[in-house]
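# Inside the fold
Chain residues, written in single-letter form:
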Amino acid sequence: MTGEALDKRSIWKPKRCNTLEHESFCFAGYDISIRESVDTYGALVWPGATCLCQFLENNQQQVNLMDKTVLEIGAGTGLLSIVASLLGARVTATDLPEILSNLTFNLQRNTKGRSRHTPQVAALTWGQSLARDFPHPSHRYDYVLAADLVFPHDYLKELLETMQHFCRPESRTTLLWANKIRFKSDLEFVESFKKTFKTALLAELPQQEVRIYQATAKE
């Protein structure tokens, strides 16, 4: 990764998808078909999601999701939530209200008759109404999943606040975050993330430029 690439954050924008398309994957012993929606950043499957799916499938002893409560923030097309559900988790997939229709479609299509627990879908806007919509301690999760949520946008502060809301010392929640590191702002978020949580780098994939972090609340 070059410094030039890191410094182009001012001109980079995620690719938009202007047609309904499908991508196919195979995880947890199942063929998964993902419908990519229209004109929204949450419409596409990003590399951090596929890398974290592969990590979860390959490291089930290290991260055992069977019957665990799992929340995904910024679920997008739902691939990561689908794989977590197929691995036995009680999943709640969240994203902005306008994303939920396609998210629900993909979850139902790929988990019905396959998953131990039926995944749930909920609206969640980072940093907004968290205490009201996801109060403690009734909304406690064993794991929070996040993939490719960090890129040059105006809501990185709210994203970190949302991560903190769900990963409190008393909750004993583990956060798993995967991200392709593209720009200087991504590295700056990593540093803020490390200052906020007790972190460990679980995997680094140079070819994909993806890092997978584990984090828990600092005591």
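Residues numbered from 1 in each chain as written. Predicted model: local features only at pLDDT ≥ 70, side-chain atom pairs only at ≥ 80, totals over all residues. Heavy atoms only, no water.

## A few points about the environment of His-153
- One can find His-153 in the loop between β6 (143-147) and α6 (156-166).
- For the pair His-153 and Ser-185, spaced 32 residues apart in sequence, the C-alpha to C-alpha distance is 9.3 Å.
- A distance of 2.9 Å separates the side chain of His-153 from the backbone oxygen of Leu-149, its partner in a polar contact.
- A polar atom in the side chain of His-153 sits 3.0 Å from the backbone nitrogen of Tyr-155. (Helix = DSSP H or I, 4+ residues; strand = E, 2+ residues; numbered from the N terminus. Polar contact = N/O pair within 3.5 Å; in protein donor to acceptor, adjacent residues only side chain to side chain.)

## Brief notes about the packing of α6 against helix α7 (residues 184-196)
- At their nearest, the axes of α6 and α7 sit 11 Å apart, and the two run at 25° to each other. Considering their axes alone, α6 and α7 lie roughly parallel with respect to each other. Crossing of α6 against α7: the hand is right-handed. Contact with α6, carried on its side by Leu-156, Leu-159, Leu-160, Met-163 and Gln-164, involves Phe-189, Ser-192, Phe-193 and Thr-196 of α7 and no other residues of that element.
- In terms of residue class, the contact of α6 with α7 is built from six nonpolar, three polar and no charged. (Axes fitted to C-alpha atoms, helices over the stretch in contact; angles between N-to-C directions. Parallel < 35°, antiparallel > 145°, perpendicular 65-115°, else oblique. Left-handed = near helix turned anticlockwise from the far one by under 90°. Contact = heavy atoms within 4.5 Å. Nonpolar A, V, L, I, M, F, W, Y, C, P; charged D, E, K, R; others polar.)

## Some words on the pairing of strand β1 (residues 21-27)
- Note: β1 against strand β2 (residues 30-36), seven bridges, orientation antiparallel. Within β2, the residue paired with Ser-24 across the bridge is Ser-33.
- The turn linking β1 back onto β2 is made up of two residues, and Ala-28 within it adopts a positive phi angle of 55°. (Pairing = 2+ DSSP bridges.)

## Examining the environment of Gln-62
- Along the polypeptide, Gln-62 turns up in the loop between α2 (47-58) and β3 (69-72).
- In this structure Gln-62 comes out as partly exposed when scored by relative accessible area, which is 47%.
- What Gln-62 contacts, discounting residues up to four positions off in sequence, is Phe-55 and Leu-202. (Buried < 20%, exposed > 50% of the residue type's maximum accessible area, 1.4 Å probe, protein only.)

## Observations regarding the environment of Thr-77
- Residue position: Thr-77 is located in the loop between β3 and α3 (79-86).
- The buried category is assigned to Thr-77, whose relative accessible area is 3%.
- It is 9.9 Å that separates the C-alpha atoms of Thr-77 and Ala-93, two residues lying 16 residues apart in sequence.

## As for the pattern of salt bridges
- This model, assessed by the stated rule, comprises six salt bridges.
- Note that Asp-67 is salt-bridged to Arg-116, the shortest N-O span being 2.6 Å. Separated by 49 residues along the polypeptide, Asp-67 in the loop between α2 and β3 and Arg-116 in the loop between α4 (100-111) and β5 (120-123) bring together distant segments of the chain.
- Asp-67 gets classed as partly exposed once you look at its relative accessible area, which sits at 32%.
- Among the salt bridges present, the one from Arg-182 reaches Asp-148, with a minimum N-O distance of 3.7 Å. Here Arg-182 is found in the loop between β7 (174-180) and α7, whereas its partner Asp-148 is found in the loop between β6 and α6, with 34 residues between them in sequence. (Salt bridge = Lys/Arg side-chain N within 4 Å of Asp/Glu carboxyl O.)

## Things to note about the packing of α3 against α4
- In contact at an axis separation of 9 Å, α3 and α4 are set at 30° when each is read in the N-to-C sense. In terms of their interaxial angle, α3 and α4 are classed as roughly parallel. Of the two elements, α3 crosses α4, and the hand of that crossing is right-handed. Taking contact as the criterion, the partners of Ser-81, Ile-82, Ser-85 and Leu-86 in α3 are, on α4, Asn-106, Leu-107, Asn-110 and Thr-111.
- Residues that form the contact of α3 with α4 fall into these classes: three nonpolar, five polar and no charged.

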